[in-house]
Amino acid sequence: MADAWPPAPAGPLALAPDAVHVWRASLRPPAEVLARLEATLSPDERARAARFHFPQHRTAFVAGRGVQREILARYTGLPPAALAYREGSHGKPELDGAAGAAGIRFNVSNSGDLALYAVTVRRELGVDLEQLKPMPDGMDIARRFFSAPENEVFAALADDVRDLAFFRCWTRKEAYIKAVGEGLSMPLDRFDVAFAPGEPARILRTRGNPAEAERWTMLALEPGPGYVGALAVEGAGWHPVLFDWNAAA
Ligand SMILES: CC(C)(COP(=O)(O)OP(=O)(O)OC[C@H]1O[C@@H](n2cnc3c(N)ncnc32)[C@H](O)[C@@H]1OP(=O)(O)O)[C@@H](O)C(=O)NCCC(=O)NCCS
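As the structure is a prediction and not an experimental result, all values here were calculated from the model.

## Re unusual backbone geometry
Now for step 1: Not every positive phi belongs to a glycine, and Arg122 is a case in point at roughly 55 degrees.
Now for step 2: Secondary-structure assignment places Arg122 in the loop between strand E5 (114–121) and strand E6 (125–131).
Now for step 3: Assessed through the 12 C-beta atoms surrounding it within 10 Å, Arg122 is described here as exposed.

Put into structure tokens, the structure is as follows:
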């Protein structure tokens, strides 16, 4: 079977209007790769990296931001160090300058040793990644963060599928919040996602503005053993193109 996350072709990449590229990358690159990535960071990113207490957190941040620059450079034609960002409303990072004006949009998520980067053109998008772990307090967290209909589905699940379902629901909700860009200011019980075993990722309903649910298409991502991910993209009719950043083309 073909690898679901193959290496990307070398060189600049073009984005078709109906394509969403999703990259998977390890946040534990070899030392020489980490040094190359670090050299591309902005003064602000270096200052933020220096504030991490634990070296593994610092490495993950440097790798995450460095890989982000190398990936976005391939779509913009700019060197990684020359990319500039601006904050959209509620702090969602966007590309500044000509690349932003050309409509290139991206979103990023990190968890454990992995990161996911989603890139497209002229569509808003959000991506979320979570490393699976046992959730003995999953029911309590669900009651706090999931909507009433989501809690009904969650409570009815068999014990052996509940932890995976928890992270499926969480990543799908988070991908949508990140696509909209409002972060924590968006009430999490204002919308319901599909997440029961076997159910395709989807926004089922958005309270207050029913048409909003139709505005987005969702996709479950399988970034590797022990991780789940989700992608929410504005509009329909797009297709995902998956790449592994670490694999050499
Ligand atoms: C940023 C946020 C949207 C997601 O954070 P997170 O899940 O902790 O972290 P992720 O790794 O998935 O995403 C972080 C990246 O999202 C991007 N981001 C930051 N603000 C964002 C926003 N408002 N919208 C979309 N993306 C944002 C950045 O690229 C950031 O990368 P950085 O850490 O290198 O700066 C967070 O503010 C948030 O709202 N979390 C909600 C938590 C929650 O209660 N979820 C319940 C789900 S049921």
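## Some words on the site of the ligand
Now for step 1: Close contacts around the ligand come from 22 residues, with Lys92, Ser109, Lys173, Lys178 and Gly183 the closest.
Now for step 2: Classifying every residue of the shell around the ligand by side-chain character gives seven nonpolar, nine polar and six charged.
Now for step 3: Mapping the shell around the ligand onto the domain boundaries places at least three of its residues in each of domain 1 (19–125 + 237–244) and domain 2 (130–221).

## A word on the packing of helix H2 (residues 43–50) against helix H3 (residues 55–76)
Now for step 1: Closest axis-to-axis distance for the H2/H3 pair is 9 Å, and the angle between their directions is 160 degrees. With respect to each other, H2 and H3 are oriented roughly antiparallel. Considering only the axes of H2 and H3, their crossing is right-handed. Residue-level inspection shows Glu45, Arg48 and Ala49 of H2 in contact with H3, the latter providing Arg58, Phe61, Val62 and Arg65.

## With respect to the pairing of E6
Now for step 1: Summarising burial for E6: six of the seven residues are buried, a large majority.
Now for step 2: For E6 and strand E10 (residues 227–234), the ladder comprises seven bridges, and the chain directions are antiparallel. Bridge pairing in E10 places Val127 opposite Leu231.

## Thoughts on helix H7 (residues 159–180)
An α-helix turns once every 3.6 residues. As a result, residues three or four positions apart point the same way.
Now for step 1: Helix length check: H7, at 22 residues, gives a terminal C-alpha distance of 32 Å against a target of 32 Å (1.5 Å per residue), a fit within 8%.
Now for step 2: Taken across its 22 residues, H7 has 16 buried, putting it largely inside the fold.
Now for step 3: Of the residues flanking the end of H7, it is Gly181, one or two places downstream, whose phi is positive at about 90 degrees.

## Observations regarding the environment of Ser109
Now for step 1: On the secondary structure map, Ser109 appears in strand E4 (residues 104–111).
Now for step 2: Spatially, the C-alpha atoms of Ser109 and Lys178 are 9.6 Å apart, while their sequence positions differ by 69 residues.
Now for step 3: Apart from the residues within four sequence positions on either side, Ser109 is in contact with Ala115, Leu116, Val127, Asp128 and Leu129.

## Looking at the nonpolar core
Now for step 1: Membership of the largest hydrophobic core comes to 57 residues, with the highest contact counts inside it found for Tyr117, Ala118, Tyr176, Leu231 and Ala232.
Now for step 2: Residue assignment places this core across two domains, with domain 1 (19–125 + 237–244) and domain 2 (130–221) each supplying three or more.
Now for step 3: Filtering out sequence-adjacent residues up to four positions away, Ala232 remains in contact with Leu125, Gly126, Ala175, Tyr176, Ala179, Trp216 and Met218.

## Quick word on the domain arrangement of the protein
Now for step 1: Looking at the protein, the domain boundaries give domain 1 (19–125 + 237–244) and domain 2 (130–221).
Now for step 2: Taken over C-alpha atoms, the centre of domain 1 sits 25 Å from the centre of domain 2.
Now for step 3: Contacts between the two partners involve 14 residues from domain 1 and, on the opposite side, eleven residues from domain 2.
Now for step 4: Its residues assigned to classes, the side of domain 1 that touches domain 2 comprises five nonpolar, seven polar and two charged.

## Regarding the sheet that holds E10
Each strand in a sheet pairs with another by means of backbone hydrogen bonds, the pair being arranged parallel or else antiparallel.
Now for step 1: Spatially, three strands are ordered E6-E10-E9 in an open sheet, and the strand pairing comes out antiparallel. The open sheet terminates on both sides in strands that have one partner only, identified here as E6 and strand E9 (216–221). Neighbour-to-neighbour, the strand axes of this sheet turn through a mean angle of 15 degrees, independent of strand direction.
Now for step 2: Here H7 sits on the sheet and contacts E6, E9 and E10; the angle it forms with E6, its principal contact strand, is near 150 degrees.

## Examining the environment of Leu41
Now for step 1: Within the secondary structure layout, Leu41 lies in the loop between helix H1 (31–38) and H2.
Now for step 2: In the structure, Leu41 is positioned 41 residues away from Ala82 in sequence and 9.2 Å away in space, judged by C-alpha atoms.
Now for step 3: Apart from residues lying up to four places away in sequence, Leu41 is in contact with Arg46, Ala49, Val62, Arg65 and Gly66.

Definitions and limits used
- Residues numbered from 1 in each chain as written.
- Predicted model: local features only at pLDDT ≥ 70, side-chain atom pairs only at ≥ 80, totals over all residues.
- Helix = DSSP H or I, 4+ residues; strand = E, 2+ residues; numbered from the N terminus.
- Buried ≥ 20, exposed ≤ 12 C-beta atoms within 10 Å, placed from the backbone.
- Near = placed C-beta within 6 Å.
- Nonpolar A, V, L, I, M, F, W, Y, C, P; charged D, E, K, R; others polar.
- Domains from an automatic or database assignment.
- Axes fitted to C-alpha atoms, helices over the stretch in contact; angles between N-to-C directions.
- Parallel < 35°, antiparallel > 145°, perpendicular 65-115°, else oblique.
- Left-handed = near helix turned anticlockwise from the far one by under 90°.
- Contact = placed C-beta atoms within 7 Å.
- Pairing = 2+ DSSP bridges.
- Expected span 1.5 Å × (residues − 1).
- Core = buried A, V, L, I, M, F, W, Y, C linked by C-beta atoms within 7 Å.

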